[in-house]
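# Coordinates in review
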Amino acid sequence: MTDSKYFTTTKKGEIFELKAELNSDKKEKKKEAVKKVIASMTVGKDVSALFPDVVNCMQTDNLELKKLVYLYLMNYAKSQPDMAIMAVNTFVKDCEDPNPLIRALAVRTMGCIRVDKITEYLCEPLRKCLKDEDPYVRKTAAVCVAKLHDINAQLVEDQGFLDTLKDLISDSNPMVVANAVAALSEIAESHPNSNLLDLNPQTINKLLTALNECTEWGQIFILDCLANYTPRDDRESQSICERVTPRLSHANSAVVLSAVKVLMKFMEMLPKDLDYYGTLLKKLAPPLVTLLSAEPELQYVALRNINLIVQKRPEILKHEMKVFFVKYNDPIYVKLEKLDIMIRLASQANIAQVLAELKEYATEVDVDFVRKAVRAIGRCAIKVEQSAERCVSTLLDLIQTKVNYVVQEAIVVIKDIFRKYPNKYESVIATLCENLDSLDEPEARAAMIWIVGEYAERIDNADELLESFLEGFHDESTQVQLQLLTAIVKLFLKKPTETQELVQQVLSLATQDSDNPDLRDRGYIYWRLLSTDPVAAKEVVLAEKPLISEETDLIEPTLLDELICHIGTLASVYHKPPSAFVEGSRGVQHKRLPARAGSGESAESPEVGQSGTSEAPPAVIPSQGDLLGDLLNLDLAPATTTVPSVQPSMQMGAMDLLGGGLDSLLGGDIGGSPSMGAALGAPAAMPAALSNAPAVGGGLGDLFDLGGGVGMPTGFYVAPKTLFLPAMKAKGLEISGTFARRGGIIQMDLSLTNKAMSVMTDFAIQFNRNSFGLAPAGPLQVLTPLTPNQTIDVSLPLGTTGPVMKMEPLNNLQVAVKNNIDVFYFSCQYPLSLLFVEDGKMERQVFLATWKDIPNDNEAQFQIKDVHLNSDAASNKLQGSNIFTIAKRTVDAQDMLYQSIKLTNGIWVLAEMRVQTGNPNYTVNRNKESCQ
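Conventions we followed
Residues numbered from 1 in each chain as written. Predicted model: local features only at pLDDT ≥ 70, side-chain atom pairs only at ≥ 80, totals over all residues. Heavy atoms only, no water. Helix = DSSP H or I, 4+ residues; strand = E, 2+ residues; numbered from the N terminus. Buried < 20%, exposed > 50% of the residue type's maximum accessible area, 1.4 Å probe, protein only. Contact = heavy atoms within 4.5 Å. Areas by Shrake-Rupley, 256 points an atom, 1.4 Å probe, with all protein chains shown as cover. Patch = residues over 30% accessible without salt bridge, like charges linked within 9 Å, V, L, I, M, F, W, Y side chains within 5 Å. Salt bridge = Lys/Arg side-chain N within 4 Å of Asp/Glu carboxyl O. Lys, Arg positive; Asp, Glu negative; His and termini not counted. Charge placed at Lys NZ, Arg CZ, Asp CG, Glu CD. Core = buried A, V, L, I, M, F, W, Y, C linked by side-chain atoms within 4.5 Å. Phe/Tyr/Trp six-rings, centres within 6.5 Å; stacked < 30°, edge-to-face > 60°. Lys NZ or Arg CZ within 6 Å of the ring centre and 35° of its normal. Polar contact = N/O pair within 3.5 Å; in protein donor to acceptor, adjacent residues only side chain to side chain. Pairing = 2+ DSSP bridges. pLDDT = per-residue confidence, 0-100. Axes fitted to C-alpha atoms, helices over the stretch in contact; angles between N-to-C directions.

When helices and strands are counted, the protein chain shows 38 helices and 13 strands. Relative to its full complement of 932 residues, the protein chain shows a buried share of 52%. Once local pairs closer than 6 in sequence are excluded, the contacts in the protein chain between residues at least 24 apart make up 66%. Split by element, the accessible area of the protein chain, about 42,500 Å² in all, is 51% carbon and sulfur.

Quick look at the structure:
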């Protein structure tokens with residue numbers, strides 16, 4: 001007898017038994033077997049071996065059995081594609097079944113089987129179902145088109161399903177309309193430029209008619225679609241708002257938020273003096289308040305959305321303060337969000353009850369909530385000036401409780417109150433000093449040190465207090481060390497005779513014994529200031545500080561407008577645009593609110609072309625308000641008396657290419673932001689009118705090096721790098737940069753500095769639409785991780801084939817930079833000379849003919865002052881930046897230079913520059929024309 005008996009068994013196994021049952025002649029036994037298979041599949045057992053046996057069970061009239069078999073097919077078709085084709089004939093047959101439920105079930109299942117081999121067989125049944133007499137089948141088929149598009153987009157387009165789907169928007173059944181809208185929206189998201197949802201007033205009217213009769217999810221699809229439409233005028237906007245308003249009373253909170261989104265967007269187009277505008281504001285409040293009676297999770301979503309709404313239109317909920325008062329059983333995340341909204345709604349009218357509430361909250365047991373409540377009292381003081389005294393009194397009462405974390409938070413906010421209201425509440429300093437010993441948190445210690453340093457002349461023992469902090473200098477956090485260094489230098493400048501030894505001690509600790517570069521650099525700066533020019537040191541260190549703003553945590557306006565367009569989605573909960581947390585092609589569309597009636601802005605959304613029109617490309621011939629008109633019709637410098645009159649209707653731009661632009665080129669400010677010009681200083685000979693003008697990116701750049709830039713005698717002028725993104729706004733990432741044109745390629749030179757404590761990786765960059773279609777021509781090449789205190793220089797090549805949208809000013813560029821920490825946004829301005837191409841030298845005969853043909857209205861004249869160069873030197877200098885001299889002649893001791901410039905978008909600029917020997921002022925006549 002061998003041991004083989006252990007490896008043999010008479011039991012056939014579970015799969016074998018199921019196989020036998022599936023092939024049974026008894027219908028009930030067969031149904032039970034399929035249920036067992038589905039149960040095994042659900043708990044994770046592999047029952048794919050039963051595929052042919054289960055497929056054989058499809059030939060049945062029993063709807064329940066058919067559903068179970070279809071469920072099995074959806075799960076295993078991908079792993080058994082060859083076997084799945086066996087089921088196709090049954091699908092096709094079921095799509096013609098008399099029972100509409102079976103027809104719909106068949107087309108739904110075929111859409112869910114993501115197998116390429118099957119998709120071609122799906123087309124004909126799907127086409128029939130899209131035109132089926134039963135609305136249930138049509139609505140199922142509409143969703144199936146979106147699923148099929150996800151598998152094979154080209155097939156859907158070739159078969160004409162998208163046109164059929166558009167026709168379903170006019171269907172008589174509201175649920176079919178809703179599903180057609182949902183399918184088209186889904187497809188449009190993955191193909192943003194396809195303009196599938198061709199929304200026009202007739203289509204909108206059909207959608208609004210269907211809105212009243214849809215299910216709740218159908219209503220959400222339609223409302224989200226309406227939110228992408230931009231009405232033609234305020235009358236159409238009001239009409240849509242009136243028909244959407246009843247949705248505010250819906251029981252489903254998602255429908256309510258979608259309706260709020262539509263109304264918030266369309267309100268932008270309503271004049272504020274309209275009676276209906278006030279009525280609409282009143283109607284928006286009750287549904288938002290009702291959302292706060294739901295379960296905590298829904299409350300939180302509602303509160304995050306309300307936070308955005310309150311920042312955009314605080315008047316909606318200004319009388320509803322009490323609903324945001326915290327309840328004892330609210331979860332902490334709801335409490336903190338309510339607290340934030342209370343501060344945003346605080347005003348002189350309700351500040352008394354808000355303060356009473358906040359004082360109550362400050363005695364709660366939840367530490368995080370108490371801290372936030374104490375900070376909220378300080379924010380109330382800063383926001384509502386009339387309440388400041390009462391807030392300070394409340395904070396002093398809380399300090400008297402001697403609760404450690406309450407005292408520390410109170411000291412932090414009192415420091416901000418001192419900044420907002422100088423020389424008003426300093427009498428409380430003595431009380432604060434009594435609590436010095438209890439401070440153990442860096443922020444509180446830093447705040448107290450700031451107060452002691454700032455008001456050292458009022459505190460008799462200020463030197464002793466600061467010296468007590470100095471004893472454990474190396475154990476303190478960087479924040480406290482920096483504050484202590486500054487406070488002791490302030491003290492020294494106020495009481496030099498008594499504190500000389502103390503200041504030497506802190507400077508020595510900061511510069512010689514510290515490893516922190518920020519601390520060391522600040523120490524050296526103070527040391528050199530004090531040793532070389534104490535008067536200058538006093539002006540720098542004790543300079544008058546700007547008052548802090550009322551609301552320091554408001555969302556940036558353009559981001560807020562975008563988030564308002566995403567109310568009711570994850571973006572409104574995260575308070576981040578979808579592109580910040582959605583990877584891939586979806587979610588990167590930037591939406592914006594329409595322009596208010598009469599504002600003159602383009603009302604068209606940059607993403608969705610409305611009223612059946614797509615966004616037009618920049619015009620070739622200048623017309624009123626177009627890109628060329630903006631570029632060439634406005635000057636920043638004072639014009640001479642001989643300037644031809646320019647029609648007011650053309651004065652729409654932010655800069656003139658050869659007006660304010662050439663001013664800068666021949667000796668004006670170096671461009672960049674206004675603060676940059678101020679920091680580097682304007683040339684001494686610059687006319688006062690020009691030096692006071694706001695900088696707009698420097699126009700053509702300071703190509704004559706009169707602004708102190710990095711000059712290239714034979715090539716393109718490169719301005720010095722300026723700060724694009726400060727570290728404090730980007731979680732420690734600092735970005736500075738400039739622009740250059742090298743060998744015909746536009747480049748953005750960036751310096752990335754990590755001022756955080758963690759390593760930064762995974763860098764990427766993206767540009768928003770802009771006037772000249774600038775876009776990255778390659779990825780941001782940061783090949784190694786950016787370690788703390790490290791700087792990396794990168795050069796990003798740019799192309800000019802990106803999407804075009806008119807910016808204000810024209811050379812404004814909005815940039816998003818992503819790394820492993822977050823996505824950060826900034827805007828900068830590039831010199832227009834970047835866009836001057838190398839083949840911009842026009843033939844003489846063409847130049848002459850073009851100059852004569854240009855109407856007088858297209859001509860303007862400017863004076864450029866204080867340029868000490870002769871005509872040849874000026875011509876050579878300008879040629880380095882692709883401004884070409886076509887001809888030169890001398891008339892009445894004046895050199896006349898005729899010049900041409902060609903921009904990347906094909907626009908030509910012709911100019912005549914007059915240079916008189918010994919006269920530092922140039923006169924420029926500029927004509928504009930465009931050639932292809």
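This part takes up a negative patch on the surface. Taken together, the side chains of E464, E467, E471 and E501 define an acidic patch exposed on the protein surface. Looking at the element boundaries, E471 is found in the loop between α26 (462-470) and α27 (478-494).

Further remarks concern the environment of K818. As for its position among the elements, K818 is in strand β7 (residues 812-818). Residues K818 and T761, spaced 57 residues apart in sequence, show a C-alpha to C-alpha distance of 9.2 Å. Beyond its immediate chain neighbours, meaning those up to four positions away, K818 contacts D762, F763, A764 and V823.

A general feature of soluble globular proteins is that nonpolar side chains tend to end up buried together. Residues Y72, L358 and F418 are the most contacted members of the largest nonpolar core, which totals 209 residues. The next biggest cluster of nonpolar side chains, apart from the first, holds 53 residues, and it includes M748, L750, I765 and L834.

A separate point is the packing of aromatic side chains. With the rule as written, the count across this model stands at 10 aromatic pairs. Ring geometry for F724 against F739: centres 6.2 Å apart, planes inclined by 40°, an arrangement best described as tilted. Of this pair, F724 sits in strand β1 (residues 722-725) while F739 is found in strand β2 (residues 733-742), placing the two residues 15 residues apart along the sequence. Each of the two residues, F724 as well as F739, counts as buried. Ring centres of F739 and Y830 lie 6.1 Å apart, and the angle between their planes is 65°; this geometry places the pair in the edge-to-face category. Taken together, the residues F739 in strand β2 and Y830 in the loop between β8 (823-829) and α37 (844-853) connect sequence positions 91 residues apart. You'll find F739 and Y830 in the same group, each marked buried. Through pairs of rings, three or more aromatic residues link up here, namely F724, F739, F826 and Y830. Looking at K335, its charged tip hangs above the ring of F369, at a distance of 5.2 Å from the centre.

Right, let's talk about the side chain of K383 for a bit. Within the secondary structure, K383 sits in helix α21 (residues 367-383). Residue classification places K383 among the buried residues on the basis of a relative accessible area of 19%. Among the polar contacts made by the side chain of K383, one reaches the main-chain carbonyl oxygen of A346 at a distance of 3.4 Å.

Below, the discussion takes up the pattern of salt bridges. Applying the stated rule across the entire model yields 33 salt bridges. Between K312 and E268 there is a salt bridge whose closest N-O contact spans 3.8 Å. Note that K312 is positioned in helix α18 (residues 296-312) and E268 in the loop between α16 (253-267) and α17 (275-291), a separation of 44 residues in sequence. Its relative accessible area of 10% is what places E268 among the buried residues. Note that R375 and E443 form a salt bridge whose closest N and O atoms lie 2.7 Å from each other. Of the two residues, R375 is situated in helix α21 and E443 in helix α25 (residues 442-454); the sequence distance between them amounts to 68 residues. On the accessibility criterion, R375 (30% relative accessible area) is partly exposed.

With that out of the way, let us pick up the sheet that holds β2. Pairing is antiparallel in the open sheet, where 5 strands are placed in the order β1-β2-β3-β6-β5. The strands lining the two open edges of the sheet, one partner per strand, are β1 and β5 (775-776). Of the pairings in the sheet, the one linking β2 to strand β3 (residues 745-754) comprises 10 bridges and is antiparallel in character. Note on β3: the bridge partner recorded for E734 is T753.

Turning our eyes to something else, we now look at the confidence of the model for the protein chain. Averaged over all residues, the pLDDT of the protein chain is 78; the fraction at 70 or higher stands at 83%. With pLDDT under 50 throughout, residues 5-11 is counted as low confidence; its partners more than four residues away or in other chains account for 1 contact. pLDDT under 50 marks residues 598-714. Its contacts with residues more than four places away, or in other chains, come to 247 contacts.

Read across the open sheet, the 3 strands follow the order β4-β7-β8; overall the sheet is antiparallel. Edge positions in the open sheet fall to β4 (764-767) and β8, since each of these has one partner strand only. Direction aside, neighbouring strands of the sheet carry axes that sit 25° apart on average. With 7 bridges connecting them, β7 and β8 associate as antiparallel partners. When the bridges of β8 are listed, V815 appears paired with F826.

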